[in-house]
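Survey of secondary and tertiary structure
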Amino acid sequence: MNDWNYQPPRPSDLGDHDVPLDGEELSGCAVALLVTGGIAAYTTPTLVRALRRRGATVRVFCSSESLRYVSEEALAWASVDSVVTHLGPDAEHLSDSSPFKVYLVAPASYNTIGKVASGIADTVVTATLASALGRLERGNARILMAPTMHGSMHNGILVDNCRRLSAMGVRIIPPRDAYGKHNLPREDVLVDEVIGSLG
Ligand SMILES: Cc1cc2nc3c(=O)[nH]c(=O)nc-3n(C[C@H](O)[C@H](O)[C@H](O)COP(=O)(O)O)c2cc1C
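Below is a short write-up of the structure. (Residues numbered from 1 in each chain as written. Predicted model: local features only at pLDDT ≥ 70, side-chain atom pairs only at ≥ 80, totals over all residues. Heavy atoms only, no water.)

1. Quick word on helix H4 (residues 124-137)
With 14 residues, H4 extends 20 Å between its outermost C-alpha atoms, agreeing within 8% with the 20 Å of an ideal straight helix rising 1.5 Å per residue. Most of H4 sits out of view: twelve of its 14 residues are buried. Of the residues making up H4, those classed as buried are Val124, Val125, Thr126, Ala127, Thr128, Leu129, Ser131, Ala132, Leu133, Gly134, Arg135 and Leu136. Along its buried surface, H4 packs onto strand E1 (30-35), strand E2 (57-62), strand E3 (102-108), helix H3 (110-117) and strand E4 (142-147). Note on H4: the residue one or two positions beyond its end, glycine 139, has a positive phi of about 80°. (Helix = DSSP H or I, 4+ residues; strand = E, 2+ residues; numbered from the N terminus. Expected span 1.5 Å × (residues − 1). Buried < 20%, exposed > 50% of the residue type's maximum accessible area, 1.4 Å probe, protein only. Contact = heavy atoms within 4.5 Å.)

2. Here's the deal with the pattern of salt bridges
Considering all chains together, one arrives at nine salt bridges under this definition. Here arginine 54 makes a salt bridge to glutamate 25, at a shortest N to O gap of 3.1 Å. In this pair, arginine 54 is assigned in the loop between helix H1 (44-52) and E2 and glutamate 25 in the segment before E1, connecting sequence segments 29 residues apart. One salt bridge connects aspartate 122 with lysine 115, and the closest N-O pair in it is separated by 3.2 Å. Assessed through its relative accessible area of 46%, aspartate 122 is described here as partly exposed. A network of salt bridges, in which partner residues are shared, links Glu25, Arg54 and Asp192. (Salt bridge = Lys/Arg side-chain N within 4 Å of Asp/Glu carboxyl O.)

3. Some points on the layout of surface pockets
The space that makes up the largest pocket amounts to roughly 710 Å³. In this structure, the largest pocket is lined by 35 residues; those nearest its centre are Gly37, Gly38, Ile39, Ala40 and Thr148. Broken down by secondary-structure element, the contributors of at least two residues to the lining of the largest pocket are H3, H4, strand E5 (149-150), strand E8 (181-183) and helix H6 (187-197). Ranked by residue count, the leading element in the lining of the largest pocket is H3, at four residues. (1 Å grid on protein atoms, 1.4 Å probe; cavity = no way out; pocket = protein on both sides within 12 Å on 5 of 7 lines; lining within 4 Å. Points joined across faces, edges and corners; volume = space filled by probe spheres on them.)

4. A short note on the site of the ligand
The environment of the ligand is formed by 14 residues, the closest being Gly37, Ser63, Ser109, Thr112 and Thr148. The contact in question runs from an oxygen atom of the ligand to an N or O atom on the backbone of glycine 37, over 2.6 Å. In this structure the site holding the ligand corresponds to the largest pocket. The element contributing the most residues to the shell around the ligand is H3, with three residues. (Near = heavy atom within 4 Å. Polar contact = N/O pair within 3.5 Å; in protein donor to acceptor, adjacent residues only side chain to side chain. Sits in = over half its atoms within 2 Å of the grid points.)

5. Considering the sheet that holds E5
The strand order across the open sheet built from three strands is E5-E8-E7, with neighbouring strands paired in antiparallel fashion. Each of the sheet's edge strands pairs with one partner strand only, and the pair in question is E5 and strand E7 (176-178). Pairing analysis gives three bridges linking E7 to E8, with the strands arranged antiparallel. The partner of arginine 176 across the bridge, within E8, is asparagine 183. (Pairing = 2+ DSSP bridges.)

6. Here we look at the pairing of E4
Buried residues dominate E4, accounting for five of its six residues. When E3 meets E4, the two strands line up parallel, connected through five bridges. Bridge assignment links valine 102 to a residue of E4, and that residue is arginine 142. As judged from the two bridges shared by E4 and strand E6 (residues 171-172), these two strands associate in the parallel manner. Bridged to methionine 145 within E6 is isoleucine 172.

This is the structure we're talking about:
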């Protein structure tokens with residue numbers, strides 16, 4: 001039985017990219033969302049909009065592997081900004097002209113966690129995090145990482161790397177444990193983590 005009357009949607013004052021504000025906890029807060037090559041990358045456009053709904057401005061940085069699981073266009077649409085996919089002459093990885101308060105790595109791959117913990121800065125995401133760690137050490141930024149991966153990748157190296165980063169002040173967000181995997185926590189949990197990181 002068809003119960004739709006085929007009317008167009010009710011008009012709205014919101015523009016195509018706009019989000020309704022659900023709170024102002026992140027008002028004035030510039031968040032860098034660093035997306036790496038976990039399959040959960042496909043959920044990140046909605047995460048961007050969830051952060052914006054609490055007032056954040058979001059700039060997205062993507063590893064090349066992450067772009068296999070989410071499109072640059074969807075993230076640009078969601079963030080209302082270009083996505084940083086390469087190290088380039090504008091040096092966005094240093095964020096000198098408009099520093100970020102919070103760096104959220106979601107999903108954080110085994111690979112990127114390992115590189116960052118080892119001081120490797122060979123991609124736009126790892127170079128941005130090298131700079132973020134320096135800012136963290138000076139008390140000027142927060143870094144949150146949400147590791148997600150298949151249970152078989154949970155090994156001693158990962159644990160050591162997470163502990164090392166945690167000792168430096170990086171918040172390792174506990175994953176959602178389900179189906180033999182460490183999955184990305186729900187959006188609202190990630191947004192609350194960002195809000196909580198600001199103290
Ligand atoms: C289908 C598929 C899904 C993957 N999902 C994950 C994942 O959830 N977590 C992870 O750590 N690696 C995952 N990987 C492996 C990473 O993509 C790989 O280690 C890659 O080098 C990560 O690069 P990046 O850290 O520069 O983004 C996956 C690979 C494939 C092919």
